[in-house]
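Secondary and tertiary structure notes
Next come the chains, spelled out residue by residue.
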Amino acid sequence: MSELDTTPPLMRVQGLSCAYGAKTVVRDISFDLWPGEVLAIVGESGSGKTTLLNTVAARHMPSAGHVYFDLRDHGLQEIYAMSEAQRRMLARTDWGFVHQHAAEGLRMNVSAGANVSERLMALGQRHYGQLRAQAIDWLERVEINPNRIDDRPDTFSGGMRQRLQIARNLITQPRLVFMDEPTSGLDVSVQAKLLDMMRTLTRQMNLAAIIVTHDLAVARLLAQRMMVMQNGQAVETGLTDQVLDDPQHPYTQLLVSSVLQP
Amino acid sequence: MSQNNPIESGPARDPHINFAYLDERTKRMIRRAILKAVAIPGYQVPFGSREMPLPYGWGTGGIQVTASIIGSTDVLKVIDQGSDDTVNAVNIRRFFQRTTGVEVTTDTTLASIIQTRHRIPETPLREGQVLVYQVPVPEPMQHLEPREQETRQLHALQEYGLMHVNLFEDLSHYGHISSTYDYPVLVNGRYIMSPSPIPKFDNPKMHLNPALQLFGAGREKRIYAVPPYTTVESLGFDDHPFEIQRWESACELCGSKESFLDEVLMDDQGKKMFVCSDSDYCSKRQVAP
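Residues numbered from 1 in each chain as written. Chains lettered and ligands numbered in written order. Predicted model: local features only at pLDDT ≥ 70, side-chain atom pairs only at ≥ 80, totals over all residues.

Some details on the overall build of chain B
- Looking only at helices and strands, one finds 7 helices and 12 strands in chain B.
- The C-alpha radius of gyration of chain B comes to 19 Å, within 12% of the 19 Å expected for a compact globule of 289 residues.
- Projecting the C-alpha coordinates of chain B onto the three principal axes gives extents of approximately 55 × 50 × 35 Å.
- Taking all 289 residues of chain B together, 46% fall into the buried category. (Helix = DSSP H or I, 4+ residues; strand = E, 2+ residues; numbered from the N terminus. Rg over C-alpha atoms; globule rule 2.2 N^0.38 Å. Buried ≥ 20, exposed ≤ 12 C-beta atoms within 10 Å, placed from the backbone.)

Observations regarding the pairing of strand 8 (residues 208-213) of chain A
Residues and elements named next belong to chain A.
- When you tally the buried positions in strand 8, you get 6 out of 6 residues, the bulk of the element.
- By the alternation rule, side chains of strand 8 split into Ala208, Ile210 and Val212 and Ala209, Ile211 and Thr213, which are all buried.
- In terms of strand pairing, strand 3 (residues 38-43) meets strand 8 through 5 bridges, oriented parallel. Bridge pairing in strand 8 places Leu39 opposite Ile210.
- With 5 bridges joining them, strand 7 (residues 176-180) and strand 8 adopt parallel strand pairing. Among the inter-strand pairings, Val177 is bridged to a residue of strand 8, identified as Ala209.
- Following the backbone out of strand 7, through helix 7 (residues 188-205) and into the adjacent parallel strand 8, one traces a crossover that is right-handed. (Pairing = 2+ DSSP bridges. Right-handed = clockwise from strand over helix to strand, strands pointing away.)

Overview of the interface of chain A and chain B
- Each side of the interface is counted separately: chain A has 18 residues, and chain B has 14 residues.
- Among the elements of the structure, helix 2 (84-93), helix 4 (112-122) and helix 5 (128-141) of chain A are those that each provide at least two residues to the side of chain A that touches chain B.
- In terms of residues, the side of chain A that touches chain B owes the most to one element, helix 4 of chain A, which gives 7 residues.
- For the side of chain A that touches chain B, a count of residues per class yields 7 nonpolar, 5 polar and 6 charged. (Contact = placed C-beta atoms within 7 Å. Nonpolar A, V, L, I, M, F, W, Y, C, P; charged D, E, K, R; others polar.)

Details of the packing of helix 4 of chain A against helix 5 of chain A
All names here are of chain A.
- Where helix 4 meets helix 5, the closest approach of the two axes is 9 Å, and the angle between their N-to-C directions is 115°. Between helix 4 and helix 5 lies a crossing of right-handed hand. Contacts from Ala112, Gly113, Val116, Ser117, Leu120 and Met121 in helix 4 reach Leu131, Arg132, Gln134, Ala135, Trp138 and Leu139 in helix 5.
- Grouping the amino acids of the contact of helix 4 with helix 5 by side-chain chemistry returns 8 nonpolar, 3 polar and 1 charged. (Axes fitted to C-alpha atoms, helices over the stretch in contact; angles between N-to-C directions. Left-handed = near helix turned anticlockwise from the far one by under 90°.)

Quick look at the pairing of strand 1 (residues 11-20) of chain A
Residues and elements named next belong to chain A.
- One ladder, built from 5 bridges, connects strand 1 with strand 4 (residues 64-71); its direction is antiparallel. When the bridges of strand 4 are listed, Ser17 appears paired with Ala64.
- In this sheet, strand 2 (residues 23-33) lies alongside strand 1 in antiparallel orientation, the contact comprising 7 bridges. Bridge pairing in strand 2 links Tyr20 to Lys23.

With respect to the packing of helix 4 of chain A against helix 6 (residues 158-170) of chain A
All names here are of chain A.
- Contact geometry for helix 4 and helix 6: axes closest at 7 Å, N-to-C directions at 30°. Relative to helix 6, the element helix 4 is oriented roughly parallel. Within the contact between the two elements, helix 4 uses Ala112, Asn115, Val116, Glu118 and Arg119 and helix 6 uses Leu164, Ala167 and Arg168.
- Grouping the amino acids of the contact of helix 4 with helix 6 by side-chain chemistry returns 4 nonpolar, 1 polar and 3 charged. (Parallel < 35°, antiparallel > 145°, perpendicular 65-115°, else oblique.)

Notes on the sheet that holds strand 6 (residues 185-187) of chain B
All names here are of chain B.
- Pairing within the open sheet is antiparallel, and its 3 strands lie in the order 7-6-10. Edge strands, defined here as strands with exactly one partner in the open sheet, are strand 7 (191-193) and strand 10 (232-234). Pairs of neighbouring strands in the sheet enclose a mean axial angle of 35°, with direction left out of account.
- Two elements, strand 6 and strand 10, share 3 bridges in a ladder whose sense is antiparallel. Residue pairing in the sheet places Val187 in a bridge with Val232 of strand 10.

Section: the sheet that holds strand 9 (residues 225-230) of chain A
Residue and element names in this part refer to chain A.
- Strand order across the open sheet formed by 6 strands is 6-7-8-3-9-10, with mixed pairing between neighbours. Looking at strand neighbours, the two that pair on one side only are strand 6 (95-98) and strand 10 (233-239), the edges of this open sheet. Taken pair by pair, the neighbouring strands of this sheet meet at an average axis angle of 15°, ignoring direction.
- Note that strand 6 and strand 7 share 4 bridges and pair parallel. Paired with Trp95 across the strands is Leu176, a residue of strand 7.
- The strands touched by helix 1 (residues 49-56) are strand 3, strand 7, strand 8 and strand 9; relative to strand 8, the strand with the most contacts, the crossing angle is about 155°.

Here we look at the nonpolar core
- The biggest cluster of nonpolar side chains holds 134 residues, and the ones touching the most others in it are Ala40, Ile41 and Ile211 of chain A together with Ile223 of chain B.
- Domain assignment of the residues forming this core places at least three in each of domain 1 (2-94 + 177-257) and domain 2 (106-173) of chain A.
- Here Ile211 of chain A is in contact with Val38, Ala40, Met179, Pro182, Val218, Leu222 and Ala223 of chain A, once residues within four sequence places are set aside. (Core = buried A, V, L, I, M, F, W, Y, C linked by C-beta atoms within 7 Å. Domains from an automatic or database assignment.)

Concerning the domain arrangement of chain A
Residues and elements named next belong to chain A.
- On domain assignment, one finds that chain A holds domain 1 (2-94 + 177-257) and domain 2 (106-173).
- Computed over C-alpha atoms only, the centres of domain 1 and domain 2 are separated by 25 Å.
- Each partner contributes to the interface: domain 1 provides 12 residues, whereas domain 2 provides 13 residues.
- Secondary-structure elements contributing two or more residues to the side of domain 1 that touches domain 2 are helix 2 and helix 7.
- At 6 residues, the largest contribution of residues to the side of domain 1 that touches domain 2 is made by helix 7.
- Here the residues of the side of domain 1 that touches domain 2 sort into 8 nonpolar, 2 polar and 2 charged.

Looking at the environment of Ser196 of chain B
Residues and elements named next belong to chain B.
- Examined against the element boundaries, Ser196 turns out to sit in the loop between strand 7 and helix 6 (203-206).
- Considering only alpha carbons, one finds Ser196 and Arg119, 77 residues apart in sequence, at a separation of 9.1 Å.
- Residue contacts for Ser196: discarding those within four places in its chain leaves Tyr133, Gln134, Val135, Asp182 and Phe215.

So this is what it looks like as structure tokens:
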């Protein structure tokens, strides 16, 4: 065993399959994710990326396989063997989930401040002044002007909503965040700003992330490692630069060559 | 009927209607729900709410609860916004006079069952009394989380961050908690409960109350309960704790400074007066303050 193997991975996925009725959409996926590592899952629409993400994030029961997560006090645990209460607790403390559409991840009818501090209140923080101070701090960290704290997210632009969603998830200092197409639907300059911010935050917080995207540029900028999916299977995995610069599988070659060069 | 009872005689008992209107099996079903509710304070127990001879929103939940616990020796008091002589109270009282023939009263101390809409009597309740609330919306998180499947799960897992989101909103917009009625409470340290639209002024009265408190929501088909001497804590923040409202003036009829006051407009010039909302309490104090 090498030195590296002595620290456990943050998340270990083994032989994961996922089906909707008779149709299997994710087939036999395995990977390890290490603390602070960003993994991108790329592939075309319908390749099973989002289903895979939901399954490892304990939002969709797998039909076969295991997902283990390194709990702070109990080491690697199978998440589907935990009680629902433990799983939900995990999901709102050590995990984050950033949705493609901010409206799914935010409460659109309450203020930005309440959105950001909801998780802290769920954990039992009951001091309004402190909650508000933390919310302001996080709004600043995601580059939202703190004087917007009392505005509702439906008055925010798409990019701001996405940043607000990130703040809402990161306020509990999670170790892993799941992101489902976080930049799609944003224009390129806003995308660049968001990616830059995410890169800074993941480095600062030693935050691991699994990012589902169909945009290879997002993978290139953020991820150390990537997994290419086709028809529910991982056809190629490896270091991002390696996969993108020297694709081995025919599908990956097609994917890489399909990107328009301006 | 007791002396100094201002109730005009109501309708006579109609022998063609089963005692308390509901059939015996329905009453048993509701009693089972009540027993479960008492066993799990603050938990909303589903029950098979019946069609009643008045519309939803008029107290069908409370009436069904009262109908299933009332016996021929009970003494019934019905109040609406603290008053015994408003439309809702008069009609529910007449309904039970006609279907049970029980004695009715306006006197809080004489009643064994008090059905209420939107108030808790000012006169402290005692052991053996039952307070029945009419509840329009039993789920305290409904306006923040409309999916009932989700709210039931939140209750089951005791995930109550959402309730404080609501209070947080109030504080950030108004600088104080602006909810003045239906103010959420934590019952027995476990379930968050809607106290029905009573003013938050009444919330402290629920805490360790010697009477049994039953809540019936007819349209939503839920019954819940606070058994005698159960802790009922109103939510708040450490730096913005729960507070009840206070008035500058005293009741202009009885001079009470402790009771919940209604603002009554006297004429078209905007002249107004403050009077007790609890009419029984106020009239007794006028006789012997």
